[in-house]
Amino acid sequence: MTDMLWHPAMLPLSFGLLGSMLFVWRTYIRLHEGKRQLERQREEHRSLFQNNVDGVVAVDSEGAILMANPAACDLVGLGEDELVGRPFPDLIVEEGRSRANAALEAALGGIHSTLETEVQHLESELSEVELTSVPIVIGDDVVGAYEILRDSTERKRLERELEDRALHDYLTGLPNRALFSDRLAHALNRRRRDAESVALLYVDLDRFKPINDRAGHKVGDHLLCEVATRLKSLVRDADTVARIGGDEFAVLLETVDGEAQALAAAERIVAVVRAPIITGGEEHQVGASVGIAVSTEDLESPEELVHQADLAMYEAKRRGGFQFKLYSHELEQEGSGWADQIEGQLRRAVEKEELELVYQPIVDVGGSRIVGVEALVRWTHPEHGLLMPNAFIAVAEKSSLIAEIDRWVLEQSCNDIKRLLDFGVMDTPFCLSVNLSARHFDESDFVDAIEDIVRRTRFPSNLLQLEITESSAGGDPEKVRELKQLGVKVAIDDFGTGYSSLSYLKDLDVDVLKVDRSFVLALGADPASVAIVRTILTLAEMLNLEVIVEGIEDPVQLAHLEDLGGSLVQGFFFGRPVPATDLPNLLSNGIDVTKGRVHHDEKEEVGAVRGLPPLGASALSIIPKSHRKWKPGRRRP
Ligand code: C2E
Ligand code: MG
Ligand code: MG
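Residues numbered from 1 in each chain as written. Chains lettered and ligands numbered in written order. Predicted model: local features only at pLDDT ≥ 70, side-chain atom pairs only at ≥ 80, totals over all residues. Heavy atoms only, no water.

Let's talk about the sheet that holds strand 3 (residues 113-120)
The 5 strands lie next to each other as 2-1-5-4-3, forming an open sheet whose pairing is antiparallel. Since the sheet does not close on itself, it has two edges, and those belong to strand 2 (65-68) and strand 3, each with one partner. Going from strand to strand, the sheet's axes swing by 30° on average, the running direction of each strand aside. Summarising the sheet, strand 1 (residues 55-60) and strand 2 pair through 3 bridges and their orientation is antiparallel. Bridge assignment links Ala58 to a residue of strand 2, and that residue is Met67. Packing of helix 6 (residues 153-167) onto the sheet brings it into contact with strand 3, strand 4 (126-138) and strand 5 (141-151), and relative to strand 4 it is tilted by some 135°. (Pairing = 2+ DSSP bridges. Helix = DSSP H or I, 4+ residues; strand = E, 2+ residues; numbered from the N terminus. Axes fitted to C-alpha atoms, helices over the stretch in contact; angles between N-to-C directions. Contact = heavy atoms within 4.5 Å.)

So, in structure tokens, the structure goes:
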């Protein structure tokens, strides 16, 4: 029977049948699989649409809403059923509507775009959003658009807060130097048009430092706040009182009808500041040295007025303080003589080996390890003794002398640290951080000079970190890239004190942000500072940047910072700057993160007063021999 039904000649036919059946089966499976996949994709898309944290609205080719996800509904405070059918641009505030319309039309023409605008919530406030319009394309046709609304209210608020913080003094809330400079420039511009005078009063407190040192920072802070309040009470709303330094304030009188009015204001300032201040049950008295400069028709720049007020203030101080002094041309003659003298002496200081370097540890709190040091320059002046950088860097920055100093510092510190590295004193990676001034950065041979020093000293470039200012980095990103090509790290120093904008950072090829000390000072007291430091840390993480927080002075500040997640720090709590000769000891003792390194307190100042030999070019030659022998064998694991 089987033989009858099946004949070898039928073999091709059977295979053909079987093949067709298989083909049909496979096609069925493929179609089924395809349908399943399609459904799955649809599900995924639906899920992406529904669960998206950004608001997503689909609109048709007329701009009417077809669908809106829950995030979009939340943003405007309406249900999806209330939204469907409405023109999408209606959700945008009136001022932004025409731009949103244009973006929608562009999307319907196949072009993506993003803009910043606001949407109005039905019941509550406006939300700031980043609105992205993208075409919906099916086949070759644009059939509608997706409008994606990313709520940027919180980010914007923090950005504004950071910018505001960058322009105000954390302690007194007064405008800081940056904002003051801006206001002064505006006032002078307006004056050019209105033919009025502007008066600038520089106020430096007398006897503040001894009270601050003796009675403590809390009392010092209270005194500063009280002075701020008193100064503010003297001026009109249009005028500005700023804190421009530790115990320095500036007052800008927007319109004065001559010197007499400015003198009267200065007299009042001297009187209100000298009135006793009671704090902590004790009565304290500080004074004010006030320098006055009134704009004249031939004034060339705001800097000129600042210079005049500064010079006059210095004269008031020189005469014993508690008084005011009006700028005059004669002061210029005397003042410039003094600056010239310092400048001339500073020029010779490098040759005479009067400059020396100290190193402040940079600590990884998480890893309980000193990960590097920052080189800081000191000048042992033949008459004035130890001078800190703020006494002479500004003078050096007035000319190319700063480049000479910076280059000396770089070369000297590379030599110092290279020798310690060669001795195996520190665990690597260990970073040497060196400051470079903005004026030096601007010079045309800047990168070549750095390269030359790194090559000559044979310092491992990957262990070198160069600290530049926000204005340097922002002003010439290309130069930053050139610098990076040397293999070094680039850090932004004093981050947050300039006109910092978070957005410019992402375009800059830098590695590290050094958060300015003023943020740390405010951490305990000012919730805004906490938010800002948190934002900086988050931002840095997003941009893959390291953060070093400067100026940690006590365990409370450290605890605040650790709560926020910061780990790399620098500050007196861990160690004041010390000469290179002390580094082996410092590194071998390590860091106790709970106790800091207070035993290194004052070493630098004490050393200077006792007249330790300047480090000069042979810093390591004065490292005790016992240390040299000890180093390789006692290296920490
Ligand atoms: P910087 O680069 O921000 O250096 C940190 C300054 O903060 C140092 O002051 C350091 O001693 C001080 N500091 C560190 N921790 C604490 C702390 O916990 N509390 C307090 N109150 N201060 C702390 P220093 O050495 O007086 O230097 C001041 C500035 O002078 C430096 O600020 C830097 O801008 C400039 N500078 C120092 N050395 C050089 C240099 O070689 N070249 C250039 N161009 N500038 C330099
Ligand atoms: Mg620095
Ligand atoms: Mg700094």
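Here's the deal with the sheet that holds strand 6 (residues 197-206)
Across the sheet, which stays open at both edges, the 5 strands sit in the order 7-8-6-11-12 with mixed pairing between neighbours. Of all strands in the sheet, those with a lone pairing partner are strand 7 (240-245) and strand 12 (323-326), marking the two edges. Strand-to-strand twist in this sheet, taken as the mean axis angle between neighbours without regard to direction, amounts to 20°. Alignment of strand 6 against strand 11 (residues 287-294), held across 8 bridges, turns out to be antiparallel. In the strand pairing of strand 11, Asp204 is matched with Ser289. This element, helix 10 (residues 259-274), spans strand 6, strand 8 (248-256), strand 11 and strand 12 of the sheet and lies at about 170° to strand 11.

Some thoughts on the coordination of the magnesium ion (ligand 3)
Of the protein atoms, only Asp493 (OD), Asp494 (OD), Glu550 (OE) and Glu550 (OE) coordinate the magnesium ion (ligand 3), at distances of 2.1 to 2.7 Å. Read N to C, the donor residues that coordinate the magnesium ion (ligand 3) are spaced as D-D-x55-E. Between the magnesium ion (ligand 3) and the magnesium ion (ligand 2), a spacing of 3.9 Å is present, and a bridge between the two is formed by Asp493. Separated by 56 residues along the polypeptide, Asp494 in strand 18 (residues 489-495) and Glu550 in the loop between strand 20 (546-549) and helix 22 (555-564) bring together distant segments of the chain. Assessed through its relative accessible area of 32%, Asp494 is described here as partly exposed. (Donors = N, O, S within 2.8 Å, 3.2 Å for Na, K, Ca; no water. Buried < 20%, exposed > 50% of the residue type's maximum accessible area, 1.4 Å probe, protein only.)

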